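Report on the structure
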Amino acid sequence: MSAACLLTKSPLKTMTEILKKALLFTAMATLSPPLVHPQVPSCRLGPRQWHASFERIRFQFRHAGRLQASYKGLEAMYDDGYGMVKDLDYYYQALRELVEHDSGPPRWFCPVDASLSVEDAPLMLYLPGVDGMGMGLCMHHKALGRIFELRCLHIPFHDRTPFEELVAMVEDVVRAEHSTSPNKPIYLLGNSFGGCLALAVAARNPRIDLILVLVNPATSFEKSDIKQLLSIFSPFSDHACIAITALLNYNIDNEVNIALSRMKSGKHPLEAFGRLTNNMSSSLKHTNILDKLPEDTLRWKMELIKTAASYANYRLHFVTADVLLLASGADRLLPSKAEADRLQKILPKCKVFFFQNHGHSLLLEHGVHVSSIIKCADLYRHSRKYQRVLDFIPPSTTELNEVDKASSDLTFRTCPAMFSTMEDGTVVRGLGGVPADGPVLLVGNHMLMGIELISLAAEFLRQKKAVVRGIAHPLLFPKKERTSSEGHDFFDFLKLWGGVPMTYKHIYELLAAREFVLMYPGGYREALHCKGEEHRIFWPDETGFVRMAAQLNATIVPFGVVGEDDLLNILCTFDDIRNAPFGKEIMRAYSSHLKLRRTSENTGPVLLPVRQTYSDQGKARCPD
């Protein structure tokens, strides 16, 4: 057995109490009788019922074939390519190479810069915008290529294939793949015009397991100002109109904000604004591409997108597939935000993710991570049913950086320090005393608000490249249908880090897959404790999860967390708010939709920060 702890300050009495109770649970588990008699598993069971439910779960998975997390073969902190910033110049160079020798009918290609995908990866078909080149996903080739079998549709500029034939072409691929692997989903990522194409295919194939990722779909073409814009510039040539439309694809304000944020992070002004100047000059620098276009290109493209919008809108009610809709709030070509609201009311299984400060060409703008959004929406799966354990993909380097960015202020103020115990009893700083391989069950206590788990999970990922799979309350996994945040929130990070709702089935699956499992027996009762309950633990008497770990030969690592209760003072609790004017009405309205406890405290405390001590340099003092 190993031991570990996360410290900011160290009351010895609290730490001793935590470790003694954890050791007692472990001893009880080793003396437990064998588990027999299959029964229906439940989350809250007595000792005899628990024995029976565990045996049923064990029998079920023993005969279920391969029990292994889907990310085996894909290491934690893998390179998703988002760290290597590509600008619009890269995109236009790729277009030039395609246009230079472009002929023949529409066809599929696999991006050469996409990495090798994980085992049994689902298929993703990228359906491009009205340009048809298929390079609009170039910023995401590596990230999506790691978790999907990626294919992109290419429609040459000279091609005049009608929309119905394009639908049939995509449909042939979808049906062929479905006949080969009928239980695997097929992803259609449609950008603008490609969104209409994806909706049309889904409407015509309701029995095939399709997942649509729509980026500013052009179903709102009739409501857009594109026609008026083109009529204003009608005295100019078609090539000039295409160039002007291309400039409106991007949100210049967002590029300026990115450059300013890079300056604040310490980048030199010339380096920070280098991407902005390159993007703004790329369209002008590569105008010679327009010389390769036929004269009737603009007219044909407008007719094609008009037909596509009409075809898709007429068949929206036949779409039964899962839909993830990415909408830009600063789209100057289409009313994408209003269209997202309309489509969500029509499509039965539609989730919307808003990007308030981005333009129409969302996939070509910085800060958009499509692979992370798909994972956060619980839409990445290998079979017809989503499984949190087996369909999990570990965090990438970009996702770890996002966590560091979101928790930088918290880390600065708390300066967490971690210590572990080696086999010879030596206490060392870091996680050297924690086993390198799973299955490992980490059992510890929550401090106030449970903010220690952010630092704990990130440190395990950095030091041991191990993903800590947390067991959490089901309320922490809300079904979000609309997200308007520019970044990930706590619930998204919990999914990216592999958290699962508390069930014995999930614990068994994780330990059987040799994972690092994080459990807080005190749960939300410890995280939302009241006045006078600082440095106390609230662990139940049941030892079911420890018995399960013992049966699976998992290493149990008890750990203690101290210090967070000293950072904040509880200003008022449930009783204080209830006794205030209108307090009962407020709490009744709150408890009607959110019931965290069965006791009298139905809400968390109101917190007041404790005054911190600062050094001469203005930085918070960290523990030695």
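Rules of the game
- Residues numbered from 1 in each chain as written.
- Predicted model: local features only at pLDDT ≥ 70, side-chain atom pairs only at ≥ 80, totals over all residues.
- Heavy atoms only, no water.
- Helix = DSSP H or I, 4+ residues; strand = E, 2+ residues; numbered from the N terminus.
- Buried < 20%, exposed > 50% of the residue type's maximum accessible area, 1.4 Å probe, protein only.
- Contact = heavy atoms within 4.5 Å.
- Areas by Shrake-Rupley, 256 points an atom, 1.4 Å probe, with all protein chains shown as cover.
- Expected span 1.5 Å × (residues − 1).
- Salt bridge = Lys/Arg side-chain N within 4 Å of Asp/Glu carboxyl O.
- Axes fitted to C-alpha atoms, helices over the stretch in contact; angles between N-to-C directions.
- Parallel < 35°, antiparallel > 145°, perpendicular 65-115°, else oblique.
- Left-handed = near helix turned anticlockwise from the far one by under 90°.
- Phe/Tyr/Trp six-rings, centres within 6.5 Å; stacked < 30°, edge-to-face > 60°.
- Lys NZ or Arg CZ within 6 Å of the ring centre and 35° of its normal.
- Pairing = 2+ DSSP bridges.
- Core = buried A, V, L, I, M, F, W, Y, C linked by side-chain atoms within 4.5 Å.
- pLDDT = per-residue confidence, 0-100.

What to know about the overall build of the protein chain
- The helix and strand inventory of the protein chain stands at 23 helices and 18 strands.
- Burial statistics for the protein chain: of 624 residues in total, 53% are counted as buried.
- Restricting the contact set of the protein chain to residue pairs at least 6 apart, pairs at least 24 apart contribute 81%.
- Entry remark: accessible area of the protein chain is about 28,800 Å², with carbon and sulfur atoms responsible for 55%.

Concerning helix 5 (residues 163–180)
- Under the 1.5 Å per step criterion, the end-to-end length of helix 5 is 26 Å for 18 residues, consistent within 8% with the ideal 26 Å.
- Listing the buried residues of helix 5 in full gives Phe163, Leu166, Val167, Met169, Val170, Glu171, Val173, Val174 and His178.

Some remarks on the pattern of salt bridges
- Evaluation of the coordinates by the stated rule reveals 19 salt bridges.
- For glutamate 75, the salt bridge identified is with arginine 146, shortest N-O distance 3.9 Å. Taken together, the positions of glutamate 75 in the loop between helix 2 (47–62) and helix 3 (88–100) and arginine 146 in helix 4 (residues 141–147) put the pair 71 residues apart, joining distant regions of the chain.
- With a relative accessible area of 12%, arginine 146 lands in the buried category.
- For arginine 462, the salt bridge goes to aspartate 404, with nearest N and O atoms at 2.3 Å.

Focus: the packing of helix 19 (residues 504–512) against helix 21 (residues 544–551)
- Where helix 19 meets helix 21, the axes come as close as 10 Å, and the angle between the chain directions of the two elements is 25°. Taken as axis vectors, helix 19 and helix 21 run roughly parallel relative to one another. For helix 19 against helix 21, the interelement crossing comes out right-handed. Residues Tyr504, Ile507, Tyr508 and Leu511 of helix 19 lie in contact with helix 21, whose contacting residues are Gly544, Phe545, Met548 and Ala549.

Observations concerning helix 21
- Burial within helix 21 is extensive, with six of its eight residues counted as buried.
- At the C-terminal side of helix 21, asparagine 553 shows a positive phi close to 60°.

A word on the packing of aromatic side chains
- Taken as a whole and judged by the stated rule, the model has eight aromatic pairs.
- With a centroid separation of 5.9 Å and an interplanar angle of 75°, the aromatic rings of phenylalanine 163 and phenylalanine 193 are classed as edge-to-face. Residue phenylalanine 163 is found in helix 5, and its partner phenylalanine 193 is found in helix 6 (residues 193–204); the two are separated by 30 residues along the sequence.
- The buried category is assigned to phenylalanine 193, whose relative accessible area is 1%.
- Taken together through their ring pairs, the aromatic side chains of Phe148, Tyr187 and Tyr380 make up a single cluster.
- Just above the ring of tyrosine 311 sits the side chain of arginine 315; from NZ or CZ to the centre is 3.6 Å.
- We note arginine 469 situated over the ring of phenylalanine 392; from NZ or CZ to the ring centre the distance is 4.0 Å.

A look at the sheet that holds strand 13 (residues 482–483)
- The sheet built from eight strands is open, its strands ordered 2-4-3-5-6-7-8-13 with mixed pairing. The open sheet has two free edges, formed respectively by strand 2 (107–109) and strand 13, since each of these has just one partner strand.
- Sheet topology note: the strand 3 (residues 123–127)/strand 5 (residues 186–191) ladder contains five bridges and is parallel. Bridge pairing links tyrosine 126 to leucine 189 in strand 5.
- Of the strands in this sheet, strand 3, strand 4 (149–154), strand 5 and strand 6 (210–215) are in contact with helix 6, which crosses strand 6 at around 160°.

Some remarks on the environment of valine 215
- Tracing the sequence through the fold places valine 215 in strand 6.
- Separated by 145 residues in the primary sequence, valine 215 and histidine 360 place their C-alpha atoms 8.6 Å from one another.
- Those residues in contact with valine 215, other than ones at most four positions away along the chain, are Leu189, Gly190, Asn191, Ser192, Leu326, Leu362 and Leu363.

A closer look at the pairing of strand 16 (residues 555–562)
- With seven of eight residues buried, strand 16 lies mostly within the body of the structure.
- Relative to strand 16, strand 11 (residues 440–443) runs parallel, the two sharing four bridges. Bridge assignment links valine 440 to a residue of strand 16, and that residue is threonine 555.

Some points on the nonpolar core
- Counting residues in each nonpolar core, the largest one holds 50 residues, and the members touching the most others are Phe163, Val174, Leu210 and Leu212.
- Ranked by residue count, the leading element in this core is helix 6, at nine residues.
- Beyond its immediate chain neighbours, meaning those up to four positions away, leucine 212 contacts Leu188, Ala198, Leu199, Ala202, Val319, Ala321, Asp322, Val323 and Leu324.
- Counting residues in hydrophobic clusters, the runner-up holds 33 residues, among them Tyr126, Ile147, Leu189 and Leu362.

Notes on the pairing of strand 15 (residues 516–519)
- A two-sided burial pattern is seen for strand 15, the buried positions comprising Phe516 and Leu518 on one face and Val517 and Met519 on the other.
- Pairing of strand 11 with strand 15 involves four bridges; the strand directions are parallel. Bridge pairing links leucine 442 to leucine 518 in strand 15.
- As defined by bridge partners, strand 12 (residues 468–472) adjoins strand 15 across three bridges and the pair is classed as parallel. From the neighbouring strand, arginine 469 faces strand 15, where its bridge partner is valine 517.

Points about the packing of helix 6 against helix 12 (residues 297–314)
- Look at helix 6 against helix 12: their axes get within 9 Å of each other, and the N-to-C directions meet at 35°. For the crossing formed where helix 6 meets helix 12, the hand is left-handed. Side by side, helix 6 and helix 12 meet where Phe193, Cys196, Leu199, Ala200 and Arg204 of the first sit next to Leu304, Ile305, Ala308, Ala309, Tyr311 and Ala312 of the second.

Topic: unusual backbone geometry
- Residue proline 439 follows glycine 438 across a cis peptide bond; omega there is 5°.
- Structurally, proline 439 can be placed in the loop between strand 10 (427–429) and strand 11.
- One non-glycine residue, asparagine 216, adopts positive backbone phi at about 45°.
- Tracing the chain through its elements places asparagine 216 in the loop between strand 6 and helix 7 (226–232).
- Residue asparagine 216 is classed as buried on the basis of its relative accessible area, which comes to 0%.
- For aspartate 378, which is not glycine, the phi dihedral falls at a positive 60°.
- Its place among the elements puts aspartate 378 in the loop between helix 14 (370–376) and helix 15 (397–406).

Comments concerning the confidence of the model for the protein chain
- Averaged over the protein chain, the pLDDT score is 75; the fraction of residues at 70 or greater is 70%.
- When mean pLDDT is taken per element in the protein chain, strand 6 scores highest with 97 and helix 2 scores lowest with 45.
- Below a pLDDT of 50 lies the segment residues 6–14, which in the model reaches 28 contacts outside its immediate sequence neighbourhood of four places, other chains included.
- Contacts from residues 611–624, a stretch scored under 50 in pLDDT, to residues over four places away or in other chains number 19 contacts.

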